[in-house]
Amino acid sequence: MKYRSRLHLVAPLWRVIPILFIITAIVFSGCTALKEAQQRREERIFEERNTSTLMLKRTNAKIEIGEDALSGESDHYTLKFAEDLHGHPNFDEFAERKEFIDTALRYMESLYEAMHKLFGFHPEHQIHVTVHDAYRGNRLVAFTSTQYSRGMQNGRYVKLIDGIQMDFPMQMYEQHGVRVHELTHAFTNIYYIPVWFSEGIAVLIQSEYAKGGLHKKFDSLKADVRIDLNGVNELENWVGHTESSPLTQWRYRYAYTLVAELWERYGNDFYIKVFELMEADGLHQQLEFLMPTSVLVYYFSKAADEDLVPFFRKLHFNVRHLTKEDILKQIEQLNNRPRR
C-alpha cells in the first residue's frame with residue numbers, strides 16, 4: 001500500500017512532523033490489522049478440526065453412490081473399492097459398502113474445504129480415490145500420483161494435468177493423518193514441486209494441522225544435515241516413494257524441519273504466497289521435469305521479501321540466484337531443443 005504526501009519542500013518542520021507521524025501510524029495500523037486478520041483466520045481453521053479425530057464441518061456436497069455401492073462420486077472426488085475388497089467380510093453387504101462410501105466422501109469433501117482454506121487454492125480436476133485391501137502388495141504405504149500430458153500451447157511447451165489418483169490400503173485410509181498427507185500431495189503436486197518440498201509440506205500439514213505426524217523435527221538444520229559425495233544436501237537426491245534407503249526416514253524428518261522453519265520465520269501464510277506467485281507466473285507448466293530447487297527458492301525469496309539463497313547454501317543446497325528472465329531463458333532453450 002502506497003501513501004503519497006504533497007508536502008512543500010520549504011514547509012516548516014513543525015508542520016511536516018505531525019503529518020509524517022499520522023502517515024506512519026496509518027501504515028502501522030494497517031499492517032497490524034492485516035496481521036490480526038490473518039491470525040484470526042488461522043485460528044478459525046484450526047478450531048474447525050478436532051485434533052484426535054479430525055472431525056470437520058459437515059459438507060453440503062452432493063453425494064451419488066453407484067447401484068452396486070462399489071463406487072461413488074461427489075463434487076471433488078470419485079471413490080471406488082479395488083477388486084481385492086470385493087467380497088471382503090467387512091464390505092460384502094450392500095448396506096456396509098453404501099455407508100462407507102457415503103461417510104468417506106463426506107469426510108473427504110469436508111477435508112477438501114479445510115485444505116482449500118489452508119492453501120488458498122485447489123486442484124481443478126476431480127481427485128480419484130481407490131481403497132484397497134493391499135496396494136501393490138503393501139498395506140502400509142499410500143500413494144498419490146498426478147497424471148499429465150505434454151504438448152504445445154500457443155507455440156510453447158506445456159504440461160497439462162490429466163488427473164489425480166490416490167490409492168489407499170484400507171489400513172492406511174483409516175488413519176486421518178495419512179489422508180491429510182496424501183491430500184496435501186494432491187493439492188501441491190499440480191505445481192510440479194521438488195520431491196523434498198512436496199514431502200516436507202505434506203508432513204508439516206499432517207503434523208501441525210492433523211496432529212497425525214510420524215516424523216519428529218530435528219533440533220538443528222545445520223547440525224543434522226547430511227551431504228553426498230559432491231557436498232550437496234541429500235534432500236536434493238530424493239526421488240520419492242520409489243526410493244528405499246537408510247536415508248529415507250532422515251529425509252522425511254529433515255524436509256519437515258526445513259519447511260517448518262520457513263513457516264515459523266515468515267508466517268502461516270508464507271506458502272499461500274509461494275503458490276500464489278507460482279500460479280500467477282504459470283512457469284511450472286513450461287518446465288520439462290520437476291521444478292529445480294533454485295526456481296523454488298526464487299519463489300521463496302519473493303514471498304519472504306528476502307534473499308534466501310544464502311540460507312539454502314549454508315545448508316549445502318546446490319542453488320543459485322535466478323531472475324524471472326533467467327528462468328524464461330532456460331524455458332526458451334528447452335522449447336527450442338529438438339524433440340523426438
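Procedures and definitions
- Residues numbered from 1 in each chain as written.
- Predicted model: local features only at pLDDT ≥ 70, side-chain atom pairs only at ≥ 80, totals over all residues.
- Heavy atoms only, no water.
- Axes fitted to C-alpha atoms, helices over the stretch in contact; angles between N-to-C directions.
- Helix = DSSP H or I, 4+ residues; strand = E, 2+ residues; numbered from the N terminus.
- Parallel < 35°, antiparallel > 145°, perpendicular 65-115°, else oblique.
- Left-handed = near helix turned anticlockwise from the far one by under 90°.
- Contact = heavy atoms within 4.5 Å.
- Nonpolar A, V, L, I, M, F, W, Y, C, P; charged D, E, K, R; others polar.
- Buried < 20%, exposed > 50% of the residue type's maximum accessible area, 1.4 Å probe, protein only.
- Salt bridge = Lys/Arg side-chain N within 4 Å of Asp/Glu carboxyl O.

*Asks:* Help me understand the packing of helix 4 (residues 176-188) against helix 5 (residues 195-209), please; the structure alone is not making it clear to me.
*Replies:* Helix packing for two helices is described by the angle between their axes and how far apart those axes are. With their axes 8 Å apart at the nearest point, helix 4 and helix 5 run at an angle of 140 degrees to one another. Taken as axis vectors, helix 4 and helix 5 run oblique relative to one another. In this structure, helix 4 crosses over helix 5, and the sense of that crossing is right-handed. In this structure, helix 4 contributes Gly 177, Val 178, Val 180, His 181, Thr 184, His 185 and Thr 188 to the contact, and helix 5 contributes Ser 198, Glu 199, Ile 201, Ala 202, Val 203, Ile 205 and Gln 206. Of the residues that constitute the contact of helix 4 with helix 5, the class distribution is 6 nonpolar, 7 polar and 1 charged.

*Asks:* Would you take a moment to explain the environment of Tyr 209 for this structure?
*Replies:* Position of Tyr 209 relative to the elements: it lies in helix 5. Relative accessible area serves as the criterion here: at 1%, Tyr 209 is assigned to the buried category. For the pair formed by Tyr 209 and Met 115, sequence separation is 94 residues and the distance between their alpha carbons is 9.9 Å.

*Asks:* Explain the pattern of salt bridges here, please?
*Replies:* Pairs can form between side chains of opposite charge whenever their charged atoms are close. Scanning the entire structure with this criterion turns up 9 salt bridges. A salt bridge links Arg 251 to Glu 234, with the nearest nitrogen and oxygen atoms 2.9 Å apart. Here Arg 251 is found in helix 6 (residues 248-266), whereas its partner Glu 234 is found in the loop between helix 5 and helix 6, with 17 residues between them in sequence. Under the relative-accessibility criterion, Glu 234 is labelled buried at 13%. In this structure, Asp 269 and Lys 273 form a salt bridge, with 3.9 Å as the shortest nitrogen-oxygen distance. With relative accessibility at 11%, the residue Asp 269 sits in the buried group. Connected via shared salt-bridge partners are Glu 208, Lys 217 and Glu 264.

By themselves, these observations are geometric and do not establish any function.
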